[in-house]
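# Overview (structure and organization)
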Amino acid sequence: MDSIYLAKYGEIWVKGRNKYIFENKLIDNLRENIKGLGEFKIRKNLGQIIIEPLSLDENYEKILIERVKNTFGIIGVAKVYRTKDKNIENIKNIALMHTKEKTKDKKLSFKVEAKRADKSYSLTSPEIAREVGGYIYDNMDNLSVDVHSPEFVLRIEVRDEVYIYSNLVAGVGGMPVGTNGRALAMLSGGIDSPVAAWMIAKRGVEVDAIYFHSSPYTSERAKQKVIDLSKRISKYIGNMKLYVVPFTDLQLHMREKCKQEALTIIMRRIMFKISEAVAKREGAYAIITGESVGQVASQTMKSIYATDAALDMPVFRPLIGFDKDEIVRLAKKIDTYDTSILPYEDCCTIFVAKHPYTKPRLDRIIIEEVKMDKLEEMIQEAVEMIEVIEIKRSELQ
Amino acid sequence: MDRKKEIYLDNAATTKVSDRVMERIIDMCTVNYGNPSSMHNKGLEAENQIRNAANIITNVLLCSEEEIYFTSGGTEANNLAIMGVSEANKNVGRHIITTKIEHSSVQKTFKALEAEGFDVTYLDVDKKGYVDEKQLEDAIREDTTLVSIMYVNNEIGTKQNIEKLGNIIKNKNTKIYFHVDAIQAFGKFVINVDKEHIDLLSISGHKIHAPKGIGALYVRKGVKIIPIIHGGGQQKGLRSGTENAMGIVALGEATKEAYKNLKSNMENMMEFKTKLVEEIFNKIDDVVVNGAEFNKSVPHILSLRFKDIKGQALLHALSDIGIYISTGSACSTKKTDLSKTLIAIGLSPDEIYGTIRLSFGPDNYEDDISYIVDNIANLVEKIRKVVRGE
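Here the residue numbers are simple positions, counted from 1 along each chain's written sequence. Chain letters start at A and ligand numbers start at 1, both assigned in the order the entries are written. The predicted origin of the model limits local features to residues at a pLDDT of at least 70 and limits the giving and counting of side-chain atom pairs to 80 or more, whereas totals for whole chains, interfaces and linings rest on all residues.

Remark on secondary structure: sheet strands pair via backbone hydrogen bonds, oriented parallel or antiparallel. Residues and elements named next belong to chain B. When DSSP finds two or more bridges between two strands, those strands count as paired. Under the scheme used here, helices are H or I runs from DSSP no shorter than 4 residues and strands are E runs no shorter than 2 residues, and both carry numbers assigned from the N terminus. Pairing in this open sheet of four strands is antiparallel, and the strands run β9-β10-β13-β12 from one edge to the other. Edge strands, defined here as strands with exactly one partner in the open sheet, are β9 (287-289) and β12 (326-327). In this sheet, strand β10 (residues 301-306) lies alongside β9 in antiparallel orientation, the contact comprising three bridges. In the strand pairing of β10, Val 289 is matched with Leu 304.

This is the structure:
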């Protein structure tokens, strides 16, 4: 008997003839995700992925499950006891040991589910379930039987080998990253944008990030915070690039030429224009933002209309209909919240109007924007001066 | 590539460990590394080193060896003094006094005691940062057990007349304990705990060229105080935990160095500060020294406020060229982050945002003054253009 890990995937099932592309990408990502924890053989087996440890320190078991469950595409993962000895007595013994280990002394209802893939096996599925269930029930005091909504489900699969396991740890779901092209996420350092990036990556999209740095009006620590946030989401997304745009000169030019009240919208428009230029250069097909309707002045319907008109590329706003507390909950779930709320605030209050337009008219904004006579060349210059930071998926932590 | 010229003007935040102190640290880590509590000779050696260090401090403060307790730093020394004395004497009284310009390690400890039911008086200061003596006298009550006042303010460099304040307290009631946070004063001034009526005095290593992680509390013999950290009973039970032998020896050595040429060092630093201020006034408009007159505040701290400047922007811009300073407050939209000291001396939020602090050390040379001031002047002009929207 030994232990292996069983990872189940969801939506890939619906992909007809392309299924293998998705499966192979998922296996690649899993392999990349658990690198450093030991040596593994990873293979497909009848709609599941089997991760067979060739060497795995038992201290890393928890981390392994954590990393597998956080791989987009995975809907569940479990540690499985595997035996070649299909004798029902052997199965019963392992099943009992596993149940004891999992349920401790807790009072729980349980049932046994058996699946017989090897049709030559002498017992049928219901017979296996009955045999094993009866044995466990007789040998444990804390369990009661409930076949409809049990709290503990013991699963037995008889294949060319026998798998014995129980409740799956739920995975993050989604699609394997890298099966759906690339997008560029605008990260501000706040709570929303990393969540938005995560949500799009969950749909299989490779995500890079872009951040606008206004030294000396924003501190080096604000930049460091965005780097830290990128590292956090790279745990899910994989290796990514962070583009740091030198933005001070553009802000100064903007401030010099345009009406105060219009600055916020024009700044957003210029950020979009730069993001679009970078996205095109890097082969990305959409921009991602953390905007949610009505949250702040630049996120009213009219503001979004006026900023969206600045570019041709699709802008994904996965949080558009979310309330703040829903976003916060997600940020906590993906472990970006604590970093996002660190108080390295920007000093660009200088560049923010006290009373920005909340209902900007696009034509008026454009009248202001065209006053920036050096806009085009400055955007080009900013794009050329971008600093690229490679964010590597975090090593063991 | 040339190494960027660096000018460190943030010595009130922390200092560089001196070469001599570093030698002693290495010695304590590799030769005299015994546990001072061990019975064998290796332990005894370490204990002797610690006692030597304590003696150096003792000689400076003119107190006795058993009155020095080593802590993890200034914050712990302040916590121990205030918590330890207030709790130990709460049967005598529950009224304690401090000022509105204390370091947060004092201020937040008082707030914590206030939440526990202690009655706290927070004394005002005037525009220069001096404690209102009359108010102190009037604030003292029958049930007052502790007064805590900082020697030198870390943000504006105002130095209180501790002897006079001590006198006021003891004249009213000799039983009141007087705690002084001397973290910015120790190593810069001669402190005489007897003459100045000080019962407890906090000091910190990393402000005087020892490493971070070491501090000490002087506790006059007979002061009723209880520990805030419990354990193996080291340091006569007041501060359990294996002594940080390396840190203690470093603190001793740094103390020795600081007091060796104290007078001439401080005169030189004051000369540096004076020339710097003169040059700043020559080259920059609309700039004011916060707190006391610059020649009355301590030689190592200078607080300046510029009209139409965000201090934080100036800080980052200077940082980019290798000049390191600090600001009055992080610039943010939240008013709650404003410096309490700067509020207490009557500055408006805009004045606080426009404030920077320069603090000096032995590595600052007069030759650098033009370089420093030219850069500040240049950046102030640039940032002002932005802020004024010119």
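Further remarks concern the packing of helix α3 (residues 88-103) of chain A against helix α4 (residues 125-139) of chain A. For any two helices packed against each other, the geometry is given by the interaxial angle and the distance between the axes. All names here are of chain A. Only the stretch in contact is used when fitting a helix axis, every axis being a line fitted to C-alpha atoms; angles between N-to-C directions are given from 0 to 180 degrees. Where α3 contacts α4, the axes come no closer than 9 Å and their chain directions differ by 50 degrees. By the angle class used here, α3 and α4 are oblique. Regarding α3 and α4, the two cross each other, and that crossing is right-handed. Two secondary-structure elements touch here, α3 through Ile 88, Ile 91, Lys 92, Ala 95, Leu 96 and Thr 99 and α4 through Glu 131, Val 132, Tyr 135, Ile 136 and Asn 139. Basically, the charged four are Asp, Glu, Lys and Arg, the nonpolar ten are Ala, Val, Leu, Ile, Met, Phe, Trp, Tyr, Cys and Pro, and anything else, Gly included, counts as polar. The class makeup of the residues in the contact of α3 with α4 is seven nonpolar, two polar and two charged. When an angle is under 35 degrees it counts as roughly parallel; over 145 it counts as roughly antiparallel; between 65 and 115 it counts as roughly perpendicular; any other value is oblique. The hand of a helix crossing depends on one turn: near helix anticlockwise from the far one by less than a right angle means left-handed, and clockwise means right-handed. The contact criterion used is a C-beta to C-beta distance within 7 Å, with each C-beta placed from the backbone.

A separate point is the pairing of strand β12 (residues 240-246) of chain A. Put simply, side chains in a regular strand alternate between the two faces of the sheet. Residues and elements named next belong to chain A. Bridge count for strand β11 (residues 206-213) against β12 is five bridges, and the pairing is parallel. Across the sheet, the residue bridging to Tyr 211 is Val 244, located in β12. Regarding the hand of the β-α-β motif, the stretch spanning β11, helix α6 (residues 220-237) and β12 is right-handed. For β12 and strand β15 (residues 387-391), the ladder comprises five bridges, and the chain directions are antiparallel. Bridged to Met 240 within β15 is Ile 391. A clockwise path from the first strand over the helix to the second, with the strands pointing away from the viewer, defines a right-handed crossover.

Below, the discussion takes up the domain arrangement of chain A. All names here are of chain A. Note: domain ranges come from an automatic or database domain assignment. Segmenting chain A into domains produces domain 1 (2-170) and domain 2 (182-391). Using only C-alpha atoms to locate each centre, domain 1 and domain 2 end up separated by 43 Å. With four residues of domain 1 at the contact, the number on the domain 2 side is six residues.

All names here are of chain B. Each domain of chain B was delimited in the assignment, giving domain 1 (19-260) and domain 2 (262-388). Measuring from the centre of the C-alpha atoms in domain 1 to the corresponding centre in domain 2 gives 29 Å. Broken down by class, the residue content of the side of domain 1 that touches domain 2 amounts to seven nonpolar, five polar and seven charged.

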